[in-house]
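Listed below, chain by chain, are the residues.
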There are 2 protein chains.
Amino acid sequence: MKNVTMADVAEHAKTSKSTVSQYLNKRYEYMSENTRKRIEAAIEELNYHPNSVARSLKQKATYTVGVIVANILHSFSTHIIRTLETEFNKQGFHTIICNADDDPEKERNYIEMLLAKQVDGLIIFPTGENLDLYEQMKDRDFPIVFMDRKVDAQAIDTIMLDNHKAAELAVDRLTAGNYRKISIITTSVIRNISPRIERIEGYRQALQKYSLPVREDYIKTADAEHLQDVLRELFEMDAPPEAILAANDIVLVEVLKYIKEKNLSIPDDVAVIGIDEVPFAAFFTPPITVVEQPKIEMANLAAELLLKKINGQKEGGSPTVHRMQPNLIDRHSC
Amino acid sequence: MKNVTMADVAEHAKTSKSTVSQYLNKRYEYMSENTRKRIEAAIEELNYHPNSVARSLKQKATYTVGVIVANILHSFSTHIIRTLETEFNKQGFHTIICNADDDPEKERNYIEMLLAKQVDGLIIFPTGENLDLYEQMKDRDFPIVFMDRKVDAQAIDTIMLDNHKAAELAVDRLTAGNYRKISIITTSVIRNISPRIERIEGYRQALQKYSLPVREDYIKTADAEHLQDVLRELFEMDAPPEAILAANDIVLVEVLKYIKEKNLSIPDDVAVIGIDEVPFAAFFTPPITVVEQPKIEMANLAAELLLKKINGQKEGGSPTVHRMQPNLIDRHSC
DNA sequence: CTGTTAGCGCCTTCAT
DNA sequence: ATGAAGGCGCTAACAG
């Protein structure tokens, strides 16, 4: 039961492979009504389906893009993936999803495997550690877009939130509510992951804007697994914070967990604000105020830029880092 | 700046393509220390990377599997995807993710495109509408595993929750809490999506077990967008339910939204139980009791079965539908 | 151990 | 309008 190939179709339709190929590529001008019909019939009868691997080998295009997310657990990532997949599908591209799990080694593997697979382009939430690879791709003009995180050494198109602004928005809201002892918590910052750094910077600058003291012991970073410890430290201080800025959804969840466990009340015992919208924010008790990222726009822009590169359109001297604006959703947790 | 190929490496190393190929496939027995070194050097120097499209064409294996989820918005789907991707990656397979969006046409397209791309296997959350395609694949012994939903007409390995049991567990818990007017809400059931049907069946049987009346007006189904209307109907009844069984996470979210809006209190005004664990359940006010699916196990089993099929191991007369057991997580919403 | 040869399934000049 | 021939990059006999 071997696979039916173009040759079989040609034979069946009493014509040649080339003509069948023409037919498949809809170049109907190059054939008579009659042969077309015969080919049609043969395809139908044999239940022929073109092999796109063979086609890709010849055409040097796979109509497949790779997406490597740093950590698929962030709801931000899954939303982005969803939108990207939809957009690429619209343009006839398949999407290979890879989860680097914040591990530079995995990222390196994925990049190499995807390149070996001849994907037409790549969207990466970069770990920032594989500079040599990024550089190679850049040098070869391989279509690539960075998402969410920037890599300083690289001049690669990058789509990022305006993280300073996001933190500022949060601090604005908090100070408006008369909270002065404001803590910020992010997930680990050891590898200098840019959005986390930037959010802390934004927080610092915003406090200064209001002439509020910046207390280093209010700035906490830790892995997801150690967030509870960090929270304990924070609340066992002599002057525990009155408000917490959770720098992403994972942190927010841990903060709310802690608060629930300790039976604290929001916002009376401690106010809470998050960066990243979460599905339960609106109907939580109390509803959680949050700074949201324009996820859809970000994903759409990423897809658009990548597709342009794939289609060989050199973008004019467009800016390399596209900063997207955050948006405050005011609810009742602060 | 053309691509460097095996031929270039061979030339550079003063040997032949076949030997280079041997080298790449680590069949070192077939070559001298010396040539090996030369090949190594040539590869390094030319920065050669094998083209896996060409290899796939020859070997008729792409080391890629496709996953078509019915609806990527269910947190169940994203968790499954995550685990599948991890497992497949461990075995050296890439994963193409597709979201059929509950649209049989999209599903058909994806299946056809993925087959054309010569993926080595497919995991599908089937819409249930493309019987001809399912059948073709089955007939060709193409490696395929269904997930979450069964298709009656097809004898294809399927991994499902024991949905009857899941509903029963929920009703057990509710009756134990002395709730007798129990409503069940699911998302739309028009296309006879098996888990939804089965959960309703399980609910019916469980009520009967307790000699509770089955009221048809307590059984509600609707699209996500119309869930709020359905909830309104329910609570405007003369005898509104005392407890709601939310048949999946999307329903649960809508139920909680409604309850918040109407300022009802859980469980005093209305008790709530969900099928599918959600990230916020534990620290919600009150914490939400939930019947959870063994997602990890389900995904692992799916990956394992598919890999076995891909590797040509005929499974013995194993059952076609694998039923996985749900688990009650008792919290305080009922 | 190494090289030669023949494809894998499709696309693409280039004759006819 | 149609077909023959060559090649995409790699693998797998089979000789030598």
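It should be emphasised that the depicted structure is a prediction, and the values quoted were computed from it without experimental measurement.

1. A closer look at the protein's contact with DNA strand C
Link 1 in the chain: The immediate surroundings of DNA strand C are formed by 24 residues, with Met6(A), Tyr48(A), Thr15(B), Ser18(B) and Lys58(B) found nearest.
Link 2 in the chain: Of all DNA strand C atoms lying within 4 Å of any protein atom, the proportion belonging to sugar or phosphate reaches 64%.
Link 3 in the chain: Between DNA strand C and Lys17(A), the relevant distance is 3.0 Å, taken from a base nitrogen to a side-chain nitrogen or oxygen of the residue.
Link 4 in the chain: Backbone polar atom of Asn51(A) to a phosphate oxygen of DNA strand C: 3.0 Å apart, as the coordinates give it.

2. Section: the protein's contact with DNA strand D
Link 1 in the chain: Neighbouring DNA strand D are 24 residues; Thr15(A), Ser32(A), Met6(B), Lys17(B) and Tyr48(B) lie closest to it.
Link 2 in the chain: Among the atoms of DNA strand D lying within 4 Å of the protein, the sugar-phosphate backbone contributes 62%.
Link 3 in the chain: Ser18(A) is positioned with one of its side-chain polar atoms (N or O) 2.9 Å from a base nitrogen of DNA strand D.
Link 4 in the chain: Contact between DNA strand D and Lys58(B): a base oxygen at 3.4 Å from a side-chain N or O atom of the residue.
Link 5 in the chain: Only helix H2 (17-24) and helix H4 (52-59) of chain A together with helix H2 (17-24) and helix H4 (52-59) of chain B provide two or more residues apiece to the surface near DNA strand D.

3. Concerning the domain arrangement of chain A
Link 1 in the chain: What the domain assignment reports for chain A is domain 1 (6-50), domain 2 (62-160 + 296-324) and domain 3 (163-293).
Link 2 in the chain: Centre-to-centre, using C-alpha coordinates, domain 1 of chain A lies 64 Å away from domain 3 of chain A.

4. Remarks on the interface of chain A and chain B
Link 1 in the chain: Counting residues at the interface gives 43 residues for chain A, matched by 43 residues for chain B.
Link 2 in the chain: Here chain A packs against chain B, burying approximately 4400 Å² in sum over the two surfaces, 60% of which is carbon and sulfur.
Link 3 in the chain: Taken together, the connections running from chain A to chain B amount to zero salt bridges.
Link 4 in the chain: For the side of chain A that touches chain B, the secondary-structure elements that each account for two or more residues are H4, helix H5 (75-90), strand S2 (94-99), helix H6 (104-116) and helix H11 (249-261) of chain A.
Link 5 in the chain: If you tally residues by element for the side of chain A that touches chain B, the top one is S2(A), at six residues.
Link 6 in the chain: A class-by-class count of the residues in the side of chain A that touches chain B yields 21 nonpolar, 15 polar and seven charged.

The rules behind these values
- Residues numbered from 1 in each chain as written.
- Chains lettered and ligands numbered in written order.
- Predicted model: local features only at pLDDT ≥ 70, side-chain atom pairs only at ≥ 80, totals over all residues.
- Heavy atoms only, no water.
- Near = heavy atom within 4 Å.
- Polar contact = N/O pair within 3.5 Å; in protein donor to acceptor, adjacent residues only side chain to side chain.
- Helix = DSSP H or I, 4+ residues; strand = E, 2+ residues; numbered from the N terminus.
- Domains from an automatic or database assignment.
- Contact = heavy atoms within 4.5 Å.
- Buried area = accessible area lost by both parts, 1.4 Å probe.
- Salt bridge = Lys/Arg side-chain N within 4 Å of Asp/Glu carboxyl O.
- Nonpolar A, V, L, I, M, F, W, Y, C, P; charged D, E, K, R; others polar.

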